[in-house]
Amino acid sequence: MFLHLGRKVGNHPWLVILIAAVLMTASAIYSLDVMRSLTLSPGWEVPGSGSARSADELREHLGRDETPVILLFRPGIGLPRSSGPLVDSPAYREAVEQVLARAATNPDVIRVTSYPMTQDARLRSQDGNLSYAVVYLNRSRNEGVEALLRLRQQIHGDRLEVLLGGELATYVEIRQQLERDIWRAEVASFVVLSFLLVWVFGSVTAAALPLVVSAITIVLSVTMLKLCTLFTDISVYAANVVSMLGLGLSIDYGLFIVSRFREELAKPGADVRDSLARTLATAGRTVTYSGLTVAASLFCLLILPQRFFQNMGLAGGISVAAAMLTSTLILPALLALLGRRVNSLALPVLRRRLHRTDDRGGWYRFSRFVMRHAAVILAGALIMLLAMGQPILHMSIGPADSRSLPATAQSRQVQEILDRHFPHSALSPLVLAVHARGPVQDPASLAGLDELTRGIQALPGVQRVLGLVSVDPRLSLADYETLYRYPEQFPMATETLATYAKGACTQVIVNYDMLPNSPEARELVQRIRDLPLPPGLVSVHVGGFPAFHLDYLHSLATWVPWVILAIVAVICVLLFLMLGSLLIPIKAVLTNLLSLSATFGALVWIFQDGHLAGLLGFTPQGSMDGTILVLIFAAAFGLSVDYEVFLLSRIREVCQATGNTTQAIALGIQKSGPIITSAALLIGIVLGAFATGEVVFMKAMGIGLLLAVIVDATLVRMLLVPSTLRLLGRLNWWMPKPLQRLYRRFHLGERDAYRLDP
Amino acid sequence: MRRFVPLLGLVLSCPPPSQADLILNGRSTVVAMGMQGAGQEKIWLSNTLIRRDMLDRGKSYTNLFDLKAREVTVLDHSLRQATVYATDGLRDQAGASVDGKAIKLEVKATGRTHELQKWTCAEHTLMLSMPAEIGGEKLNFEMDGTVWLARNTREQKETAAIVRLMQSPDFFLGIPPLAKASPVQARGISEAIRRLAPMGLLCSVDVALNYEGTGRVATLSRKMASRVSLTFDDYSVQPIPKGTFDVPAGYRMVGQ
């Protein structure tokens, strides 16, 4: 098939280029405004979970679709000193109200609670010099992000410094910092990659080809991403994945194809079309199956219920598929047109690199050495990997917070000020959506609500429960029944009903005295969920940040094993169909799992335990963000398999031609080693550039993937792979008879009897 | 609830036509059910037009009263929309059937005074009582507290036209949400405004609202300890731009 494809493309390169040009132009025009089609909402919520159902019920039944933002008021230069607490001075109050008055005309603002308005002690600092307001913004389509950006334009104070904080502000700042980091990383890596490619190829023309492939890949991926927005919400993070993976993988694939083409072309008597056909039959085929494997492992993220992961999987799969298509269709057409001119514009100092065809080089000698001491080296490599993975044993999963941002970020400053000066702030309350059997004012509903409220109040760590039957602690259940029977006689009762209830649905707010991202807060959520449902009530759904995070962790614990299983199964099947081996796919998966555990161990050591925090410039949070781990797992597993496929396919190719496994291993490593190392170096540059970002999330992603590539390129490929292959010997290609029949029928190898030289 | 006490203030401050316009700045507070809400109030008065700007839980609203036309327009600035209400309709909603004579108002000077710029504000005890019936329980709705009034001021002498308008037995002045949500209280407040208007300009008021009786509603009312207050911090006499009392351009008129 690939041989045939190579010949077709070689015969009609202009046609392929023409079709590609038309497609590219249309794609570029279509996807110009792609960012407007993407949602700023990350989609981390778990559909159907308690926290999601709480939000849904409150939105549907109470019309509550709001998100809180903290406005911290710090005295500025123009504010006169006060003899008593500053926050109680008329000047401070006036300055706060001046700021809030500007926000009051904002249609996104649903309501505001401030210290001057309520005299609520939780809203003022212990020393009386600071206070904060909670502005509830309309969440709308973009989780309130656009509303926050509009609010930010309005809240400057003449005599006060106004700082924005809270979960939404942190998210927006992280997002904006990420945009800056990613842009910087992309520009830097593109420049460095350009020079490195010239160094790797020794020729400017050859070096330009992977860059052209990556540009086409990104345009195609973005177009496909925009098409996907016609059917589902796609987060803006997906665009970052497309650019990161698209750039990295298309350069990898381009490198493999161009290298092989030049290798084929360098053989005595080779012509361009034949070389191209042989390139596609070998490297093209490998790129395709490697791409299929990486895409399939990324598509496995679709198993997770969160839209965020589904978006990441979709975007990753799309960019891999685009890189694969571009490398196997458009790049060969360009190579056919260039022919031997692919080596043109060679730099004199690098000209020597153009003609390296040594079959007995350093890689060959090193792999022979490893195979001679296979058992010892295997044991040593395994010990090293297991030692690196050891910190996983104390890995703790927790949510990212404002400490993910640099210390200069405003939302982080707000959080630190609140932690230090506001001991009783209640910024992330639990929000319960309660559904009664009848209207909430009915005595039976109120009795049920009262029982629930008392049950929650009795739980350790609960400070205050606010709801229809607990707004005023002096009132009894009988009082509340009277109150809500005649709410029109008591204006505050009318307002309370409007605030907390509609029909059979009501909202209960729970304040607690623990950190919102602590395990204790999540335990409280679980305890509330474990409370018996009082008669009169139909359902109680607990929402709010700790509940969201509990559901998130629960979802990961439930679904990640399935994702891992799916990735492993997909990779095993694809490698089996490609290599015709039973044990090699299993070995590859186990090796990759070991390599990943070493990477995760290093990540825990760095990011959770805080080693190298000063050097890398971040604040350790004492836990790992589960999102990062899942993304690193899917991407790194794919990348590791990617390199494994390149190496094994080359070994298989030589083995088929020579029948000597040991020789095939050494030659395969010699032939593919430099290219794979160059590829790893190139993708390492891309990932390393992302690791220079200011946000811990991006830093951990970059460093995690970089570590995975380094571990793979050194311990795994240089030591583990040759030693295990040597020890397995002929077992490498062993298959039970039924599987042999299956392989013969469905194998993904070339059906053309095309003889390949070793 | 916070909405109606300033109403008391704005009507008591009405200047007559052809007089320089009056602008008052103050703060209102309501305490009930263990909660407190406080906010800024700004009131403009010109002829028989009154404008009241307020921030209610972070939202900006304006009430435009045209006493002659017996209309009140509510502006929601965040939604940029305006709703016009006829005060006669509000009166009907607010239980106009309650006989005005059954509403008792006692105002007694205590002798204490304080200065608000050029005004001398004198403290008075205020006690309003009116019959009410809730769920078959006979009660008295009561407003009990203090009111500070400035008499013999130049501005007070000039409120005659407004006060005259208020003396009509079917006069009603109310805020639409209050008239709809708490008709008995709206009726009582309107009557209090009508009777206090000739007595002076309001400097501040602080009253407890209560239902008195022996049944469960009365017991509940005592426990709730509702209290409302309004204090003007300053006033100024200056011409008000004409458009101040108009619905701003671009606002959408909506039905009630």
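What to know about the overall build of chain A
Working step 1: What chain A contains, in helices and strands, is 26 helices and nine strands.
Working step 2: By the compact-globule yardstick of 27 Å for 758 residues, chain A fits well, its C-alpha radius of gyration being 31 Å.
Working step 3: The proportion of buried residues among the 758 residues of chain A is 60%.
Working step 4: In chain A, the share of contacts with a sequence separation of at least 24, taken over all contacts with a separation of at least 6, comes to 81%.
Working step 5: Here chain A displays about 29700 Å² of accessible surface, and carbon together with sulfur accounts for 62% of that area.
Working step 6: Positive and negative charge centroids in chain A, built from 65 and 56 side chains respectively, lie 14 Å apart.

Considering the overall build of chain B
Working step 1: On a plain count of helices and strands, chain B comes out with seven helices and twelve strands.
Working step 2: Every one of the 256 residues in chain B was classed for burial, and the buried ones make up 57%.
Working step 3: The long-range share in chain B, meaning contacts at least 24 apart out of those at least 6 apart in sequence, stands at 66%.

Here we look at helix H24 (residues 661-691) of chain A
Residues and elements named next belong to chain A.
Working step 1: Taking 1.5 Å per residue as the helical rise, H24 with its 31 residues ought to reach 45 Å, whereas the 40 Å between its terminal C-alpha atoms falls clearly short.
Working step 2: In H24, a bend of some 40 degrees at serine 672 exceeds every other bend along the element, and proline 674, a proline, comes one to four places later.
Working step 3: Of all 31 residues that make up H24, 26 are buried, and the element is covered over most of its length.

Here we look at the interface of chain A and chain B
Working step 1: Contact residues are listed per partner, giving 37 residues for chain A and 34 residues for chain B.
Working step 2: Between chain A and chain B, the buried area comes to about 3300 Å², and carbon and sulfur atoms account for 57% of it.
Working step 3: Three residues, A:Gln489, A:Phe490 and A:Met492, lead the burial of chain A against chain B; their summed loss comes to 19% of the area buried on that side.
Working step 4: Seen at the junction of chain A and chain B, the total is two salt bridges.
Working step 5: A salt bridge links A:Glu97 to B:Arg27, with the shortest nitrogen-to-oxygen separation between them at 2.5 Å.
Working step 6: Taken together, the links from chain A to chain B amount to six residue pairs in polar contact (both at pLDDT 80 or more).
Working step 7: Looking at the side of chain A that touches chain B, the elements that each hand over two or more residues are helix H5 (90-103), strand S2 (109-113), helix H6 (115-118), helix H17 (477-485) and helix H18 (491-500) of chain A.
Working step 8: Per-element tally for the side of chain A that touches chain B: the top contributor is H18(A), with seven residues.
Working step 9: Partitioned by chemical class, the residues of the side of chain A that touches chain B number 18 nonpolar, ten polar and nine charged.

A look at the confidence of the model for chain A
Working step 1: Per-residue pLDDT for chain A averages 84, and the proportion of residues at 70 or more is 96%.
Working step 2: A low-confidence stretch, residues 750-758 of chain A (pLDDT under 50), is modelled with 24 contacts involving residues beyond four sequence positions or located in other chains.

A closer look at the sheet that holds strand S8 (residues 119-134) of chain B
All names here are of chain B.
Working step 1: The strand order across the open sheet built from twelve strands is S7-S8-S9-S10-S11-S1-S2-S3-S4-S5-S6-S12, with neighbouring strands paired in mixed fashion. The outermost strands of the open sheet, each flanked by one partner alone, are strand S7 (104-116) and strand S12 (252-254). Strand-to-strand twist in this sheet, taken as the mean axis angle between neighbours without regard to direction, amounts to 20 degrees.
Working step 2: Across eight bridges, strand S3 (residues 49-56) lies against strand S4 (residues 59-66) in antiparallel orientation. Across the sheet, the residue bridging to isoleucine 50 is phenylalanine 65, located in S4.

Observations concerning the confidence of the model for chain B
Residue and element names in this part refer to chain B.
Working step 1: Per-residue pLDDT for chain B has a mean of 81; in total, 87% of the residues score no lower than 70.
Working step 2: When mean pLDDT is compared element by element in chain B, S7 scores highest at 92, while helix H1 (residues 4-12) scores lowest at 51.
Working step 3: Confidence drops under pLDDT 50 across residues 14-18; counting only partners more than four residues distant or on other chains, this segment forms 23 contacts.
Working step 4: Taken together, the chains of this predicted complex give a pTM of 0.79 and an interface ipTM of 0.76.

Details of the state of the cysteines
The bond known as a disulfide is covalent and runs between the sulfur atoms of two cysteines.
All names here are of chain B.
Working step 1: One pass over the full model with this rule turns up one disulfide over all chains.
Working step 2: Disulfide pairing is shown between cysteine 121 and cysteine 203; the S-S distance is 1.9 Å. Between cysteine 121 and cysteine 203 the disulfide shows an S-S torsion of about -80 degrees. By sign, it is left-handed. Taken together, the residues cysteine 121 in strand S8 and cysteine 203 in strand S10 (residues 201-212) connect sequence positions 82 residues apart. For the pair cysteine 121 and cysteine 203, a shared accessibility class is recorded, and that class is buried.

Some details on the packing of helix H14 (residues 374-389) of chain A against helix H21 (residues 583-608) of chain A
All names here are of chain A.
Working step 1: Two numbers describe how H14 lies on H21: the axes approach to 6 Å, and their chain directions differ by 40 degrees. Viewed along their axes, H14 and H21 adopt a mutual orientation that is oblique. In the crossing of H14 with H21, the sense of the turn from one axis to the other is left-handed. Residue-level contacts link Leu382, Leu385, Leu386, Met388 and Gly389 of H14 to Leu594, Ser595, Ser597, Ala598, Gly601 and Ala602 of H21.

Describing a nonpolar patch on the surface
Residue and element names in this part refer to chain A.
Working step 1: A surface patch of nonpolar side chains, amounting to about 530 Å² of accessible area, comprises Trp183, Val187, Val191, Val192 and Phe195.
Working step 2: Within the secondary structure, phenylalanine 195 sits in helix H8 (residues 167-201).
Working step 3: Owing to a relative accessible area of 64%, phenylalanine 195 belongs among the exposed residues under this scheme.

Describing the pattern of salt bridges
Working step 1: Tallying each qualifying case throughout the model produces 32 salt bridges over all chains.
Working step 2: Close ionic contact of A:Glu644 with A:Lys587 constitutes a salt bridge, the shortest N to O distance being 2.9 Å. Here A:Glu644, found in helix H23 (residues 626-658), pairs with A:Lys587, found in helix H21; they are 57 residues apart in sequence, far enough to count as distant.
Working step 3: With relative accessibility at 8%, the residue A:Lys587 sits in the buried group.
Working step 4: Of the charged contacts, one joins B:Glu191 and B:Arg195 as a salt bridge, the two residues approaching to 3.0 Å between their closest N and O atoms. With B:Glu191 and B:Arg195 both in helix H6 (residues 183-196), this residue pair falls four residues apart, about one helical turn.
Working step 5: Connected via shared salt-bridge partners are A:Arg260, A:Glu264, A:Lys267 and A:Arg278.

Parameters and conventions
- Residues numbered from 1 in each chain as written.
- Chains lettered and ligands numbered in written order.
- Predicted model: local features only at pLDDT ≥ 70, side-chain atom pairs only at ≥ 80, totals over all residues.
- Heavy atoms only, no water.
- Helix = DSSP H or I, 4+ residues; strand = E, 2+ residues; numbered from the N terminus.
- Rg over C-alpha atoms; globule rule 2.2 N^0.38 Å.
- Buried < 20%, exposed > 50% of the residue type's maximum accessible area, 1.4 Å probe, protein only.
- Contact = heavy atoms within 4.5 Å.
- Areas by Shrake-Rupley, 256 points an atom, 1.4 Å probe, with all protein chains shown as cover.
- Lys, Arg positive; Asp, Glu negative; His and termini not counted.
- Charge placed at Lys NZ, Arg CZ, Asp CG, Glu CD.
- Expected span 1.5 Å × (residues − 1).
- Bend = angle between axes of the 7 residues up to and from the residue.
- Buried area = accessible area lost by both parts, 1.4 Å probe.
- Salt bridge = Lys/Arg side-chain N within 4 Å of Asp/Glu carboxyl O.
- Polar contact = N/O pair within 3.5 Å; in protein donor to acceptor, adjacent residues only side chain to side chain.
- Nonpolar A, V, L, I, M, F, W, Y, C, P; charged D, E, K, R; others polar.
- pLDDT = per-residue confidence, 0-100.
- Pairing = 2+ DSSP bridges.
- Axes fitted to C-alpha atoms, helices over the stretch in contact; angles between N-to-C directions.
- Disulfide = S-S within 2.5 Å.
- Parallel < 35°, antiparallel > 145°, perpendicular 65-115°, else oblique.
- Left-handed = near helix turned anticlockwise from the far one by under 90°.
- Patch = residues over 30% accessible without salt bridge, like charges linked within 9 Å, V, L, I, M, F, W, Y side chains within 5 Å.

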